[in-house]
Amino acid sequence: MKYVDEFRDRDLARTLATAIAAAADPARDYNFMEFCGGHTHAIFRYGVQDLVPANVRFVHGPGCPVCILLARRLDDAIELAERHGVILCSYGDMLRVPGTGRRSLLKAKADGADIRMVYSTLDALDIARANPGREVVFLGIGFETTTPPSAVAIAQAQAEGIGNFSVFCNHVLTPPAIRHILEAPEIDPSQAARLDGFLGPSHVSAVIGSRPYEFLAARYAKPVVIAGFEPLDVMQSVLMLIHQVNEGRVAVENQYTRVVTRDGNAKAQELVTRIFELRPSFEWRGLGSVPDSALAIRAEYAAFDAEKRFTLSEKQSRETKSCECPAILRGVKKPKDCKLFGKACTPETPMGACMVSSEGACAAYWTYRRMETLAEMAAE
């Protein structure tokens, strides 16, 4: 298939692997964080880690929106469906994520709550139109990629006067999370991963462009290469990072030029700015409270803000005990370091979000390297 097969070509992969091996200095290590969970899965699906030298290491980051959502926010979503009786609409990835007591949206649905999987925010709007006597809440999650569709839905609901629709907003931002990761050594060295550079996210950057990373690279002296999702994209981006490290350069480079520009999608940015504003702080699983890292619905659109329309109770939410998902999201541990992996925690019985999400690191290890990972755990 044109424009896909070209980025999975075996001979080109061998050529890139040879170039990476030649460029990597055997006297040093290279630790590159792929922020996005989509990159983690691409790396494992195509065996990219086997095509680079052992001293070139991938560090898995927090770029999985399902994984970073705290149990408390999921518990709130369940409360909206159960106590307030709303029709709760959610993307499919969220349905099996365990909240407090391993209770999930899917379990709440089995108990009678009206929870529906949708493929887009416009599906949720259609449900609101079809059920004028019911409150419909869309569970908005995701980074800058999925924020514009939530903004579109709110703008459309206002334009049509759909009064029974609102959004429970959990949209988060990429650059503040990277900043927080880079400042971790100053906050608590034991919570920090050693990093030499970043593989910048693909779809996020298509919206925000490469410009927002320039400040991060300049201030923290860490190179960033925005990488596409195909295996050759990732390998070329690794080679670009190695060249920057070897030459002592720090820059934001864009490997994914066929999609990403420096300024991004101005129309999407304008709509998001019109509908949303920064939260002063938002708590992430694994990162804790991160300043200016999430969005809230502006007061002008309060009628479509589920957090303002419904009173949510104060609750004692609990993350799953012994689950290493928070440390994995910080890049300081890998799934094989979690004693639950492959035992109590499997895709059929997930103990943490990292095993449930299609972008979670544990799901990647299970799908593509399960036997190897379990063998390493047994040897240790």
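Residues numbered from 1 in each chain as written. Predicted model: local features only at pLDDT ≥ 70, side-chain atom pairs only at ≥ 80, totals over all residues. Heavy atoms only, no water.

J.: How should I be thinking about the sheet that holds strand β5 (residues 136-142) in this particular structure?
T.: Spatially, the four strands line up as an open sheet ordered β4-β3-β5-β6, and their pairing is parallel. The outermost strands of the open sheet, each flanked by one partner alone, are β4 (115-117) and β6 (165-171). Adjacent strand axes in the sheet meet at a mean angle of 25°, parallel and antiparallel pairs treated alike. Relative to β6, β5 runs parallel, the two sharing seven bridges. (Pairing = 2+ DSSP bridges. Helix = DSSP H or I, 4+ residues; strand = E, 2+ residues; numbered from the N terminus. Axes fitted to C-alpha atoms, helices over the stretch in contact; angles between N-to-C directions.)

J.: Would you mind going over unusual backbone geometry with me for this structure?
T.: As a rule of thumb, non-glycine residues mostly have phi less than zero, and peptide bonds are mostly trans rather than cis. The phi dihedral of Ala 221 falls on the positive side, at around 55°, and the residue is not glycine. For Ala 221, the position within the fold is in the loop between α10 (211-220) and β8 (224-226). Residue Ala 221 is classed as partly exposed on the basis of its relative accessible area of 46%. (Buried < 20%, exposed > 50% of the residue type's maximum accessible area, 1.4 Å probe, protein only.)

J.: Is there a simple way to explain the pairing of strand β1 (residues 30-36) in this structure?
T.: Each regular strand shows side chains that alternate between the opposite faces of the sheet. A large share of β1 lies buried, amounting to seven of its seven residues. Where β1 lies against strand β2 (residues 56-63), six bridges are found, and the strand directions are parallel. Each bridged residue has a counterpart across the sheet, and for Phe 32 the counterpart in β2 is Phe 58. Crossover β1 to β2 through helix α2 (residues 37-45) is right-handed. Judged from the three bridges that link them, β1 and strand β7 (residues 197-200) form a sheet pairing that is parallel. (Right-handed = clockwise from strand over helix to strand, strands pointing away.)

J.: Just to check I follow, could you spell out the side chain of Ser 166 for this structure?
T.: Within the secondary structure layout, Ser 166 lies in strand β6. In this view, Ser 166 contacts Val 136, Val 137, Phe 138, Ala 303, Phe 304, Asp 305, Ala 306, Arg 309 and Phe 310; residues no more than four positions away in its chain are not counted. (Contact = heavy atoms within 4.5 Å.)

J.: Which parts of the structure should I look at to understand empty space enclosed by the protein?
T.: To find the voids left in a structure, one rolls a probe of water-molecule size over its atoms. Under the defined criterion, the tally for this structure stands at one cavity of 30 Å³ or more. Taken as a whole, the largest cavity encloses approximately 70 Å³ of empty space. Lining the largest cavity, in full, are Cys 323, Glu 324, Cys 325, Ile 328, Cys 338, Phe 341, Cys 345, Gly 352, Ala 353, Cys 354, Met 355 and Cys 362. Listed by contribution, the elements that provide at least two residues to the lining of the largest cavity are α14 (325-330) and α15 (353-356). (1 Å grid on protein atoms, 1.4 Å probe; cavity = no way out; pocket = protein on both sides within 12 Å on 5 of 7 lines; lining within 4 Å. Points joined across faces, edges and corners; volume = space filled by probe spheres on them.)

J.: Quick question: what am I supposed to make of α2 here?
T.: Helical geometry: 3.6 residues make up each α-helical turn, so side chains three or four residues apart lie on a common side. Most of α2 is tucked away, with eight of its nine residues classed as buried. Taken together, the buried positions of α2 are occupied by Gly 37, Gly 38, His 39, Thr 40, His 41, Ala 42, Ile 43 and Phe 44. Residues of α2 that are buried sit in contact with β1, β2, β7, α11 (231-247) and α16 (361-379). At the C-terminal side of α2, Gly 47 shows a positive phi close to 65°.

J.: I would appreciate a short explanation of the pattern of salt bridges in the present structure.
T.: Any two side chains of opposite charge can pair if their charged atoms end up close together. Summed over the entire model, instances satisfying the criterion amount to 29 salt bridges. With its nearest N and O atoms 2.6 Å apart, the salt bridge here joins Asp 126 to Arg 129. Of this pair, Asp 126 and Arg 129 both sit in helix α6 (residues 121-130), three residues apart, roughly one helical turn. Residue Glu 277 pairs with Arg 298 through a salt bridge whose shortest N-O separation is 3.7 Å. Taken as a pair, Glu 277 in strand β10 (residues 276-278) and Arg 298 in the loop between β13 (295-297) and α13 (306-309) lie far apart in primary sequence, 21 residues in all. Residue Glu 277 is classed as partly exposed on the basis of its relative accessible area of 33%. The structure contains a network of salt bridges with shared partners spanning Asp 76, Glu 79, Arg 83 and Lys 315. (Salt bridge = Lys/Arg side-chain N within 4 Å of Asp/Glu carboxyl O.)

Everything listed is a geometric property; what it means functionally is a separate question.
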